[in-house]
Amino acid sequence: MRKKKLVKNIGSMSIAVFISRIFGVLRDIMMTNYFGTSYVADAFRVAYQIPNFLRRLFGEGALSAAMVPIYNEIGVKKGKKDQINFALNVLSILTVFLTILCLLGIVLAPIIVTILAPGFDEVTRQLVIRLARILFPYLFLIGLSSTLISILNSHDRFFIPGLSSAFLNISMIGCLGIFVLLNKTSTMESKIFVLSLGVITGGVLQTIINFPLLQKIGYSFRVNLNLKGEALSAVWKRLIPGAIGIAVRQINLVADMILASLLVSGSIAALGYGNRLMQLPMGIFGVAAGVAVLPLFSRFVAEENWKGLKDSLRFSIISLSCIMLPVTAIIAGLGKDFITLLFMRGKFDITSVNMTYSALLFYSLGIIFYSLNRLVIPVFYANKDTKTPVKISAFIVVINIVLNIILMHFMQHAGLALATSISAMIQFFILSRMLKKKVPLIEFPKIWRAISKITFLSLMIFAGLMFANKIFIPANNVEMLIKTLSLSLVSILFFLLFSQILKIEYSKEIRKNICRKFQKK
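Quick caveat: nothing in here was measured; it's all calculated off a predicted structure.

Visitor: Just checking my understanding: could you explain the overall build of the chain for this structure?
Guide: Broken down by element type, the chain carries 21 helices and zero strands. Counting over 521 residues, the chain shows a buried share of 54%. When contacts within the chain are restricted to residue pairs at least 6 apart in sequence, those whose partners lie at least 24 apart make up 83%. When the accessible area of the chain is evaluated, it comes to approximately 24000 Å², of which 68% is carbon and sulfur surface.

Visitor: Whenever I open this one, the packing of helix α6 (residues 122-135) against helix α10 (residues 188-208) confuses me. Can you help?
Guide: How two helices sit against one another is set out by the angle between their axes and by the gap between those axes. Axis separation between α6 and α10 bottoms out at 9 Å; the angle between their running directions is 25°. Taken together, the axis directions place α6 and α10 in an arrangement best described as roughly parallel. Considering the relative orientation of α6 and α10, their crossing is right-handed. Only Glu 189, Ile 192, Phe 193, Ser 196, Leu 197, Val 199 and Ile 200 of α10 make contact with α6, whose side of the interface consists of Leu 127, Arg 130, Leu 131, Ile 134 and Leu 135. Taken together, the residues that form the contact of α6 with α10 break down as nine nonpolar, one polar and two charged.

Visitor: Just checking my understanding: could you explain the environment of Pro 281 for this structure?
Guide: Along the chain, Pro 281 falls in helix α13 (residues 267-303). In this structure Pro 281 comes out as buried when scored by relative accessible area, which is 10%. Pro 281 sits 42 residues away from Ile 323 along the chain, and the two C-alpha atoms are 9.3 Å apart.

Visitor: Sorry if this is basic, but what is going on with the packing of aromatic side chains here?
Guide: When we look at a pair of aromatic rings, we describe it by the centre distance and by the angle of the planes. Counted under the stated rule, the structure contains six aromatic pairs. When the ring of Phe 44 is compared with that of Tyr 48, the centres are 5.5 Å apart and the planes differ by 10°; the resulting orientation is stacked. With Phe 44 and Tyr 48 both in helix α2 (residues 39-59), this residue pair falls four residues apart, about one helical turn. For the pair shown, Phe 44 and Tyr 48 are each scored as buried.

Visitor: Help me out: how do you make sense of helix α19 (residues 448-471) in this one?
Guide: Every α-helix carries 3.6 residues per turn, so stepping three or four residues along brings you back to the same face. With 24 residues, α19 extends 35 Å from end C-alpha to end C-alpha; this agrees with the ideal 34 Å at 1.5 Å per step. Turning to α19, its buried residues number three or more, namely Ala 450, Ile 451, Ile 454, Leu 457, Ser 458, Ile 461, Leu 465 and Ala 468.

Visitor: I tried to follow the confidence of the model for the chain on my own but got confused; where do I start?
Guide: Caution is warranted with low-pLDDT regions, since their predicted coordinates should not be read in detail. Considering every residue of the chain, the mean pLDDT works out to 78; 75% of them sit at 70 or more. When mean pLDDT is compared element by element in the chain, α10 scores highest at 91, while helix α21 (residues 507-520) scores lowest at 55.

Visitor: Help me understand the nonpolar core in this model?
Guide: For soluble globular proteins, nonpolar side chains are generally found buried alongside one another. In this structure, Ile 317, Ile 339, Tyr 363, Leu 372 and Ile 454 are the most contacted members of the largest nonpolar core, which totals 57 residues. If you list the elements that add at least two residues to this core, you get α13, α14 (306-343), α15 (350-364), α16 (367-382), α17 (387-411), α18 (413-438), α19 and α20 (477-501). Looking at which element gives the most residues to this core, the answer is α14, with 16 residues. In terms of nonpolar packing, the next biggest core, distinct from the first, is built from 37 residues, Met 31, Ile 142, Leu 195 and Ile 200 among them.

Visitor: Sorry, what's going on with unusual backbone geometry here?
Guide: Leave glycine aside and you will find that most residues have negative phi; peptide bonds, for their part, are mostly trans. Backbone geometry places Gln 412, a non-glycine residue, at a positive phi of 55°. In this structure, Gln 412 sits in the loop between α17 and α18. Classification of Gln 412 as partly exposed rests on a relative accessible area of 32%.

Visitor: Just to check I follow, could you spell out the side chain of Ser 364 for this structure?
Guide: With respect to the helices and strands, the residue Ser 364 is situated in helix α15. Here Leu 361 takes part through its backbone oxygen, which lies 2.5 Å from a polar atom of the side chain of Ser 364. Beyond its immediate stretch of four places on either side in the chain, Ser 364 contacts Met 278, Thr 328, Ile 331 and Ala 332.

Visitor: Sorry, what's going on with the pattern of salt bridges here?
Guide: Going through the model one piece at a time under the given rule, you end up with two salt bridges. Across the salt bridge formed by Glu 122 and Arg 125, the nearest N and O atoms sit 3.4 Å from each other. Residue Glu 122 and its partner Arg 125 are both found in helix α6; the two are separated by three residues, about one turn of the helix. Note on Glu 122: relative accessible area 47%, which makes it partly exposed.

Thresholds applied
- Residues numbered from 1 in each chain as written.
- Predicted model: local features only at pLDDT ≥ 70, side-chain atom pairs only at ≥ 80, totals over all residues.
- Heavy atoms only, no water.
- Helix = DSSP H or I, 4+ residues; strand = E, 2+ residues; numbered from the N terminus.
- Buried < 20%, exposed > 50% of the residue type's maximum accessible area, 1.4 Å probe, protein only.
- Contact = heavy atoms within 4.5 Å.
- Areas by Shrake-Rupley, 256 points an atom, 1.4 Å probe, with all protein chains shown as cover.
- Axes fitted to C-alpha atoms, helices over the stretch in contact; angles between N-to-C directions.
- Parallel < 35°, antiparallel > 145°, perpendicular 65-115°, else oblique.
- Left-handed = near helix turned anticlockwise from the far one by under 90°.
- Nonpolar A, V, L, I, M, F, W, Y, C, P; charged D, E, K, R; others polar.
- Phe/Tyr/Trp six-rings, centres within 6.5 Å; stacked < 30°, edge-to-face > 60°.
- Expected span 1.5 Å × (residues − 1).
- pLDDT = per-residue confidence, 0-100.
- Core = buried A, V, L, I, M, F, W, Y, C linked by side-chain atoms within 4.5 Å.
- Polar contact = N/O pair within 3.5 Å; in protein donor to acceptor, adjacent residues only side chain to side chain.
- Salt bridge = Lys/Arg side-chain N within 4 Å of Asp/Glu carboxyl O.

Below you can see the structure in the form of structure tokens.
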């Protein structure tokens, strides 16, 4: 039953994230069309990143990792009433904190912009400041929304919360699209302000969509402001290492950007496009799995059910490998066609296609490890250990920077992408080794026989796609679309068939559950 629930939760989250990512791609295509690589686009990126940097503290790991294990433990040991009171206490404190942070951000916007973008001219700088002041309230909305989503995930509600980003993207597309239809001669600056208002509207939708679900599980919203309490103290103690870990990862991103700026023109853009495409499957499956397993792993730890934790971890790793390794093969084999279909128009020429493909190719080699890291780290969090992943992340940052400097000399921007993938691989093996030491009772599952079979089939898929690329050369985009869809479908069917022949563990169960999930949706 636990495995069925885990597959159901990951499936729900994956479908929701898939929908969100599709709207994200549509949003990016629309923004490229209206803003290109102008100073207006640069100004929006910087202004949008300011609240998003802080959002990662609350929305993508630190607070959820600190709160969810304690929330589930209270539910197991004390019951739902105490659980809800604890959550309302955290939400009340968070509301006050985010409000103060947003007000400070609005007032200090000129200083923040100067620190983050010292090279901008005065016109662009002033535009960033104005946009940042519009966008800062998004920090409040997404910080609150992300915490509400973590609570819902703990009660096995995944689909609607997983659509969170879709509401943001739809709002941005809708606001800008309607404005352009009504004001066809509007300036780029007026469009970017409307787009920023679309972000705020989307943030409101992301937040209020969770209220009905919370009421169904017993929440009645009220202020519960109490700065004392053992459980709350434990949350803040675990939040600090998680926040440091996120800051460490941001250092990594900044270092990548600085080094890319030393390479040929277009390197940063190519890495950005390649990373965006790589994030599509990883977000759908890898991130979704990481979100879905944390509440379950936390309950296993609270119950001291080490066998259940070990079995679920094994099942999750093999299941994720059955998805991500074939997806990697398809991306590597058909990536250039995907890029051409999505982006090759206007100033995005064949040189841009080739640069983006080389970035995507080497990023894709690490997809499985990025995803597995998202799966293994929650085991530490479930065991109330947020320090070990932070220490490992700090070490990986150093490794990544060293690899960047070495590989960029031989491979240009593709070397930066490869360094990121190698670093993710090293991180996974270190996490696995440390997990054995930290939680010996779970006996980290033996997975390599199954993964070697999956890797073999994925290499077969990649070889077949490279051979097909030499035979089938499309004359136009329609033929290219037919080619990519057909070969992708054949690759998936090939894997499903031979995974049964090779008797890859859980493959039959995974296939049945995924098919059943899609039929229900």
